[in-house]
Amino acid sequence: MEQTKKWGFWLLTAFVVGNMVGSGIFMLPSTLAQVASPLGVMTAWAVTGFGVLMLALTFGTLSIRKPELQAGPQSYARALFENKKTGDVASFTTVWGYWVANWISNVAIITSFAGYLSTFLPIMRDGRVLFHVGSQPIELGKLITFVVCSIFLWGTHTILVTSMNAAGKLNFITTFSKVVGFALFIIAGLFAFQFSTMGSFYYPVESTDGGNPLGLSSQVYNAAISTLWAFVGIESAVILSGRASSQRDIKKATVAGVTIAIIIYMTITMITMGALPHSELQASDKPFVDVLNVLIGRGGSIIMALLALVSLFGSMLGWILLSSEVPYRAAREGNFPAFFAKTNKKGSPSNALLVTNIMSQIFIFSTVSGTISQAYSFLTTSSTLAYLIPYLISTIYFLKVVIKGETYAELGGTSSRIKDGIIAGLGFIYAAWVIISGTADMKTFSLGIGLFLIGIVFYPLVKRKGKQQSTQEM
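What you are looking at is a predicted structure, and each value in this text was computed from that prediction instead of being measured.

With that out of the way, let us pick up helix α6 (residues 140-162). End to end, α6 covers 33 Å across 23 residues, agreeing with the expected 33 Å (1.5 Å per residue, within 8%). Those residues of α6 lying buried are L140, G141, T145, F146, V148, C149, S150, F152, L153, T156, H157 and L160. The secondary structure elements touched by the buried residues of α6 are α5 (84-117), β1 (129-133), β2 (136-139), α7 (164-192), α14 (299-332) and α15 (350-364).

Pasting the structure below:
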């Protein structure tokens, strides 16, 4: 078997930044302008940045204090309970919910990639109907988009199956390139930035339901939901800790990655708000392109499309790896079928990658079928909760470690324990607040919880199959 090199600080940081700064960043300025004034947006970023930093410190500190728990939230879910069976069920449902959400997120990145690629291949927007499948018309552009998305998915799969080391280096290169690209965008945007364009720094925002205008607290509340989604991926280094050269690198990479992402997000949001009139920014479906068009004309769309393609390619590498690592680590710990623990001669989790990408491929049919597209949108809404629950579980486990004083005799005394208790408490409050804020709609909440309940239903079947496989291998 090929020896897979352990990843150090820089590669791990690249995965954290690359997975957080993906497709969402290109629409965030416009989305935020629709729900909040500049003061509301900046306050939301500050609140989110602080909350996410508490989560980053939670993950990072646990990676040092509990280095044997190398699968991140799923390991914390198991360790949270004294009863082994209860812990196994909690761990499995955490893996299940997170894994299913990743199938959908992978497709969101892939379809975004195809959308930006259409800048160079206009035929991908061709609406001519080639044939029908039942009552579903198959358009030329959508068919080509489906093929492109499938090639992108399985091309990424091939890279990861062939060499994890190469995948890590590629991710670093694409992440470095996107950070440089965003830095250049910020520098260019400064030439178009004017405080007068922003208008009043604070003003009430019209309510979408026609009610009273939204004040600052309501604006922060609404904007904070969008800003949190931008940080999904904060757990990347922790989930990949089994491949890390040092557990301390996990903490440093997580905190550094979050800090870099916060700086990029806040600066870019301010630049776009000061470069485009508010009404234009609200209506824009490509705010980055519009800012560059102010400076260099129509060439802006080509530059941003290239940056987006690089950004999305790196994110795709990171997220597919993360998606396969979750069931792979669960299988290694005996809480998922042994099938998922298999690695190939190159050291890649080949079976976990294969099943993950087959499930993602099924959702790619949303690019050609309106019916599946509706189902995809339906699942996307509910799956967001699947990312937030593991964050909440991690803070609860951290609180348990602090309260019981585990590892504090060996790694720091009373002062460290008090500090960690504050971090865990603030992280818990933030994660709980976002879950309540983001799932105020009972339908969304029920669907998100349902995703985990399905995992509980599957658990006995999967556990039984795992025992059978283990028996056969003995």
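The subject of this paragraph is the packing of α7 against α14. In contact at an axis separation of 9 Å, α7 and α14 are set at 145 degrees when each is read in the N-to-C sense. Here the hand of the crossing between α7 and α14 comes out left-handed. Of the residues in α14, those touching α7 at M164, A167, L170, N171, T174, S177, K178, G181, F182 and F185 are M304, L307, V310, S311, F313, G314, S315, L317, G318 and L321. Residues belonging to the contact of α7 with α14 are distributed by class as follows: 11 nonpolar, 8 polar and 1 charged.

Time to look at the pattern of salt bridges. The final tally for this structure, using the stated rule, is 12 salt bridges. Ionic pairing is found between K84 and D88, a salt bridge with its closest N-O pair at 2.9 Å. Within this pair, K84 and its partner D88 are both found in helix α5, separated by 4 residues, close to a single helical turn. Residue K84 is classed as exposed on the basis of its relative accessible area of 62%. Given a relative accessible area of 5%, D88 falls into the buried group. K404 is the partner of E406 in a salt bridge, and the nearest nitrogen-oxygen pair spans 3.6 Å. Judged by relative accessible area, K404 falls into the partly exposed class, the value being 48%. Here the residues in one salt-bridge network are K66, E82, K400, K404 and E406, joined through shared partners.

As a general rule, the predicted coordinates of low-pLDDT regions are not to be interpreted in detail. A residue-level look at the chain finds 87% of positions with pLDDT of 70 or above and a mean pLDDT of 83. Low confidence marks residues 470-474, where pLDDT is under 50. Its contacts with residues over four positions away, or in another chain, come to 1 contact.

So, about the packing of aromatic side chains. Counting across every chain of the model gives 23 aromatic pairs. An angle of 10 degrees between the planes, with centres 5.6 Å apart, marks the rings of Y76 and Y397 as stacked. Taken together, the residues Y76 in helix α4 (residues 73-79) and Y397 in helix α16 (residues 370-404) connect sequence positions 321 residues apart. A residue is classified by how much of its surface remains accessible, and Y76, at 0% relative accessible area, is buried. Taking 6.2 Å as the distance between ring centres and 75 degrees as the angle between the ring planes, the aromatic pair formed by Y221 and W433 counts as edge-to-face. Here Y221, found in helix α9 (residues 216-229), pairs with W433, found in helix α17 (residues 414-438); they are 212 residues apart in sequence, far enough to count as distant. Classification of Y221 by relative accessible area gives partly exposed; the value is 31%. With relative accessibility at 29%, the residue W433 sits in the partly exposed group. Put simply, the rings of F92, W96, W99, W103, F336, F339 and F340 touch in pairs and so form one group of aromatic residues.

A cluster of nonpolar side chains, namely W10, F172, I173, F176, V180, L184, I187, F191, V294, L295, I296 and I303, defines an oily patch on the protein surface of about 1200 Å² accessible area. Going through the elements one at a time, α7 and α13 (287-296) are the ones with two or more residues in the nonpolar patch. At 7 residues, α7 tops the list of elements feeding residues into the nonpolar patch. Within the secondary structure, F176 sits in helix α7. Assessed through its relative accessible area of 54%, F176 is described here as exposed.

Attention shifts here to unusual backbone geometry. Unlike most non-glycine residues, T407 shows phi in positive territory, near 75 degrees. Here T407 shows up in the loop between α16 and α17.

Another aspect to go through is helix α1 (residues 9-20). Taking 1.5 Å of rise per residue, the 12 residues of α1 would be expected to cover 16 Å, and the 17 Å separating its terminal C-alpha atoms lies within 8% of that figure. Considered for burial, the residues of α1 that qualify are L11, L12, T13, A14, F15, V16, V17, G18, N19 and M20. Where α1 is buried, its residues touch α7, α10 (236-239), α11 (247-275) and α14.

Moving on, we come to the pairing of β1. Sheet topology places β1 next to β2; 4 bridges connect them, and they run antiparallel. Following the sheet pairing, F131 is matched in β2 by I138. Once β1 ends, the chain turns through 2 residues before running back antiparallel as β2, passing G134 with a positive phi of about 65 degrees.

Counting 126 residues, the largest nonpolar core has I25, W45, F182, I234 and Y265 as its most contacted members. Sequence-distant contacts of Y265, that is, excluding residues within four places in its chain, are made with M20, V21, I25, L28, W45, A230 and F231.

The rules behind these values
- Residues numbered from 1 in each chain as written.
- Predicted model: local features only at pLDDT ≥ 70, side-chain atom pairs only at ≥ 80, totals over all residues.
- Heavy atoms only, no water.
- Helix = DSSP H or I, 4+ residues; strand = E, 2+ residues; numbered from the N terminus.
- Expected span 1.5 Å × (residues − 1).
- Buried < 20%, exposed > 50% of the residue type's maximum accessible area, 1.4 Å probe, protein only.
- Contact = heavy atoms within 4.5 Å.
- Axes fitted to C-alpha atoms, helices over the stretch in contact; angles between N-to-C directions.
- Left-handed = near helix turned anticlockwise from the far one by under 90°.
- Nonpolar A, V, L, I, M, F, W, Y, C, P; charged D, E, K, R; others polar.
- Salt bridge = Lys/Arg side-chain N within 4 Å of Asp/Glu carboxyl O.
- pLDDT = per-residue confidence, 0-100.
- Phe/Tyr/Trp six-rings, centres within 6.5 Å; stacked < 30°, edge-to-face > 60°.
- Patch = residues over 30% accessible without salt bridge, like charges linked within 9 Å, V, L, I, M, F, W, Y side chains within 5 Å.
- Areas by Shrake-Rupley, 256 points an atom, 1.4 Å probe, with all protein chains shown as cover.
- Pairing = 2+ DSSP bridges.
- Core = buried A, V, L, I, M, F, W, Y, C linked by side-chain atoms within 4.5 Å.

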